[in-house]
Amino acid sequence: MLCTQPYVSCRASPKSQICLNPNRGVIKVYSEDNTSRAVEVPSDITARDVCQLFVLKNHCIDDHSWTLFEHLSHLGIERTIEDHELVLEVQSSWGMDSDSKLCFRKNYAKYEFFKKPLDFFPENMVSVSSEANGIMNHSQLIQTFLSSSTCPEIHGFLHAKEQGRKSWKKFYFVLRRSGLYFSNKGTSKEPRHLQFIAEFSDSDVYTLLSAKKLHGAPTDYGLCVKSNKSSSPRDLKLLCADDEQTRTCWITAMRLFKYGMQLYENFIHPHQKQKSSPMRSISENSLVAMDFSGHRSRVIENPSEALSVAVEEGLSWRRKSCHRLSSHGSPSTSQNPMSNIVIHMAQPWFHSKLSRDEAHRLITQQGLIDGVFLLRDSQSNPKTFVLSLCYAQRIKHFQILPVEDEGEMFYSLDDGHTRFTDLIQLVEFYQLNRGVLPCKLKHHCARITL
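Cut-offs applied
Residues numbered from 1 in each chain as written. Predicted model: local features only at pLDDT ≥ 70, side-chain atom pairs only at ≥ 80, totals over all residues. Heavy atoms only, no water. Helix = DSSP H or I, 4+ residues; strand = E, 2+ residues; numbered from the N terminus. Polar contact = N/O pair within 3.5 Å; in protein donor to acceptor, adjacent residues only side chain to side chain. Contact = heavy atoms within 4.5 Å. Core = buried A, V, L, I, M, F, W, Y, C linked by side-chain atoms within 4.5 Å. Buried < 20%, exposed > 50% of the residue type's maximum accessible area, 1.4 Å probe, protein only. Pairing = 2+ DSSP bridges. Axes fitted to C-alpha atoms, helices over the stretch in contact; angles between N-to-C directions.

*Asks:* Please explain the side chain of H155 as it appears in this structure.
*Replies:* By the element assignment, H155 lies in strand β7 (residues 152–161). Within the structure, H155 has its side chain in polar contact with the side chain of Y172 (distance 3.2 Å). Contacts of H155, omitting those with residues within four sequence positions, involve N124, M125, V126, S127, Y172, F173, V174, K189 and W250.

*Asks:* Would you take a moment to explain the nonpolar core for this structure?
*Replies:* The nonpolar side chains of a soluble globular protein tend to be buried with one another. F121, I154, F173, L175, W250 and M254 are the most contacted members of the largest nonpolar core, which has 49 residues in total. In terms of nonpolar packing, the next biggest core, distinct from the first, is built from 35 residues, V29, V50, V55 and L102 among them.

*Asks:* What is the right way to read the sheet that holds strand β20 (residues 443–444) from this model?
*Replies:* Adjacent strands of a sheet form backbone hydrogen bonds with each other and so pair up, either parallel or antiparallel. Judged by pairing direction, the sheet is mixed, and its 5 strands sit side by side in the order β19-β18-β17-β16-β20 without closing on themselves. Either end of the sheet is taken by a strand with one partner, and the two such strands are β19 (408–412) and β20. Where strand β17 (residues 385–391) meets strand β18 (residues 394–405), 7 bridges bridge the pair, whose relative direction is antiparallel. Among the inter-strand pairings, L387 is bridged to a residue of β18, identified as F398. The strands that helix α11 (residues 356–366) touches are β16 (372–377), β17, β18 and β20; relative to β16, the one it contacts most, it runs at about 160°.

*Asks:* It is not clear to me how the pairing of β18 should be interpreted in this structure. Could you clarify?
*Replies:* On a regular strand, each side chain points to the face opposite its neighbour's, so the side chains alternate between the two faces of the sheet. Connecting the antiparallel pair β17 and β18 is a turn made up of 2 residues, with A392 showing a positive phi of about 55°. Of the strand pairs in this sheet, β18 and β19 are connected by 5 bridges, and their pairing is antiparallel. Looking at the pairing, D405 lines up with E408 of β19. Between the end of β18 and the start of β19, which pair antiparallel, lie 2 residues, with E406 showing a positive phi angle near 55°.

The values are spatial; any link to function lies outside them.
As structure tokens, then:
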């Protein structure tokens, strides 16, 4: 049940569950704009259930990318709470005076490694002690992590912060099912040269936020291993990679070693608890297409007719929105209706006055996979827009220029060769066609207010 009044004292403390019966508790969830909502939940609620609750409450499209994050501000770290984890157990591990919170946002990369594992695990970082030889395909690579009969190994160089010092030193690390090790003699993997760092039965892997600024790391691609039994900064195992792909490989492998088949079940059965979940308030089977155009409403049983009506309603809404926005006196540079200029303002992929750095941060938070994008106003040229797009774990920015032709205004990404009357048309085109872009637009960055 969503509470109408926020519970101010319910964050970062197990005592926030007072005045509730033992089978229920209170959590406070934050969105990316720092709005929050307090929720009273049963003790066995999972992260997936909480996401489903907010998806339904905020009328979001549930594409299984909505994720709950554990954000520990006092340590400058955060991690994805896996879909099957019990949220109240996660909250109960926080210290009384810690500045910790739960965050709700998209994470398109959460299970992407099951779809494209070769993109997450570079060949030079993975070895398998089995009969398999040669280059493995996608399914074989994932199977090595999920099968207890195989012994995959991740290896490579990482920077490590020396205990009790501010300095960082580069070591050769090895990740196995038994835990994380580093070699005290070059790249040797002999048992006498490997020193144990951590194992994951009672530890979790986190992403370091602002690794260079907060921890003096050589790069910003930081990660750490934190024991569930300690919240002290001194007990963190701070590590740092040279690039994003390397960091992603280590974090993904640690998640797989810790949870194994459970992660795969989360991936293939995102709604396995829907029927019994107390958070489920409506049935998708009860939703039908309706026609309200006549004197009496009717159910549309023909799927083709239902699709046609949906398209027509979308176009009708678009025309009404254009008329409404143009009637409010927005400034115009041409004689065209104002729809071409302002129709994009209500789109979830448009983020208006977002800076380049803020766009970079938002895309990084929502998953560095091919096709994650957003549109924003240009900071350097007020009359233009910018498409920010992720490709190969890098974020690129493309300027959208206005093109005027015979008194009509168009928008273009390729110097006027391909023109669009508004930004919605542009986005829809590049969702279907790569064009001049390195990849198609697939996943838009969205922010909601709780």
